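# Structural overview for review
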Amino acid sequence: EPQILIYHTHASEGFIDSRAGEPEDTVVGAGEELARILREKYGYMVIHDTTVFDRKDGKDNRSGAYSDALTYLEELLKEYPSIEVIIDLHRDAGAKRVVTLQGKQVAKVMLFNGLSRNKEKELTYLPNKNLKANLAFSFRMKLIGDEMYPGFMNRIFLKDYRYNMHLKEKYLLVELGTEKNTVEEAKNAMEPLADILHQVLGE
């Protein structure tokens, strides 16, 4: 039964040399590469869901993508209660982030955590019983990643909201490079990311 779910709240996010209309050149293609490595190299049962939440009726749906994804994910988790790990794979914006690992140019990865609070108060309308577990999982990924692949893990970014991270204790929101990275650099990042995840899950 499936152990890991990979999906994309913003499936339309691509890279500097992405071909228009080609999902394999977006975060979806990188997600498929991550799923393949986790299955073939490490033996995990993985679902890679390619549903597009950030487009609706031919228009951008970025503001509604998280709520639409939540409804969908809740049903998926009912169907597959064996899922222990959820990875929401995104692409960030800004200056290019790249590191050379084993002779390859690799997009850096940043982990993103919602805190369900702002500077003044807790956001009680966005409860997350898994908040501490989410943070611990991200921190462990960062620590192990820094040991195994120096320079690969960019940082952990903390923000106000929840980003559906309440669904599982082991939930990663991954920002894979930026729009200035190439498709190849993004896909090259999936091998070290899978390796780090495997190490953390095996502890």
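This write-up is about the structure you can find in this document. Residue numbering note: each chain is counted from 1, following its sequence as written. Predicted model: local features are reported for residues with pLDDT of at least 70 only, side-chain atom pairs are reported and counted for 80 or more only, and whole-chain, interface and lining totals are derived from all residues. Water and hydrogen atoms were dropped before computing side-chain values, which therefore reflect all heavy atoms in the structure.

### Describing the packing of helix H1 (residues 27–40) against helix H5 (residues 190–201)
Inclusion rule: Orientation is described by lines fitted to C-alpha atoms, with helices fitted over the stretch in contact, and by angles between N-to-C directions that extend from 0 to 180 degrees. Only runs of H or I of at least four residues qualify as helices and only runs of E of at least two qualify as strands under DSSP, and these elements are numbered from the N terminus. Roughly parallel means an angle under 35 degrees; roughly antiparallel means over 145; roughly perpendicular covers 65 to 115; every other angle is labelled oblique. A clockwise turn of the near helix away from the far one marks a right-handed crossing, whereas an anticlockwise turn of less than a right angle marks a left-handed crossing. Any two residues having at least one pair of non-hydrogen atoms within 4.5 Å are treated as being in contact.
For the pair H1 and H5, the least separation of the axes is 9 Å and the interaxial angle reads 45 degrees. One way to sum up the angle between H1 and H5 is to call them oblique. As for how H1 packs across H5, the hand of that crossing is right-handed. Counting all contacts with H1, which are made through Ala30, Glu33, Leu34, Ile37 and Leu38, the residues of H5 involved are Met190, Glu191, Leu193, Ala194 and Leu197.

### Quick look at H5
Test applied: Multiply 1.5 Å by the residue count of a helix minus one, and that product is the helix's expected span. Working definition: with a 1.4 Å probe on protein chains only, accessible area under 20% of the residue-type maximum means buried, over 50% means exposed, and in between means partly exposed.
Compared with the 16 Å implied by 1.5 Å per residue over twelve residues, the 16 Å span of H5 between its first and last C-alpha is a close match. Inspection of H5 places Met190, Pro192, Leu193, Ala194, Asp195, Ile196, Leu197 and Val200 among the buried residues, and these make up the whole buried set.

### Re the sheet that holds strand S2 (residues 46–48)
Keep this limit in mind: At least two bridges found by DSSP between two strands are what make those strands a pair.
Overall, mixed pairing links the six strands, which are arranged S2-S1-S5-S10-S8-S9 in an open sheet. If you trace the sheet from one side to the other, it starts and ends with S2 and strand S9 (153–159), each paired once. On average, each strand axis in the sheet is inclined to that of its neighbour by 25 degrees, with strand direction left out of account. For strand S1 (residues 4–7) and strand S5 (residues 85–92), the ladder comprises four bridges, and the chain directions are parallel.

### So, the pairing of strand S7 (residues 104–107)
The side chains of a regular strand alternate between both faces of the sheet. The sheet contact formed by strand S6 (residues 98–101) and S7 spans four bridges and is antiparallel. Residue pairing in the sheet places valine 99 in a bridge with valine 106 of S7. Here S6 hands over to S7 after two residues, with glutamine 102 in that stretch at a positive phi of 50 degrees.

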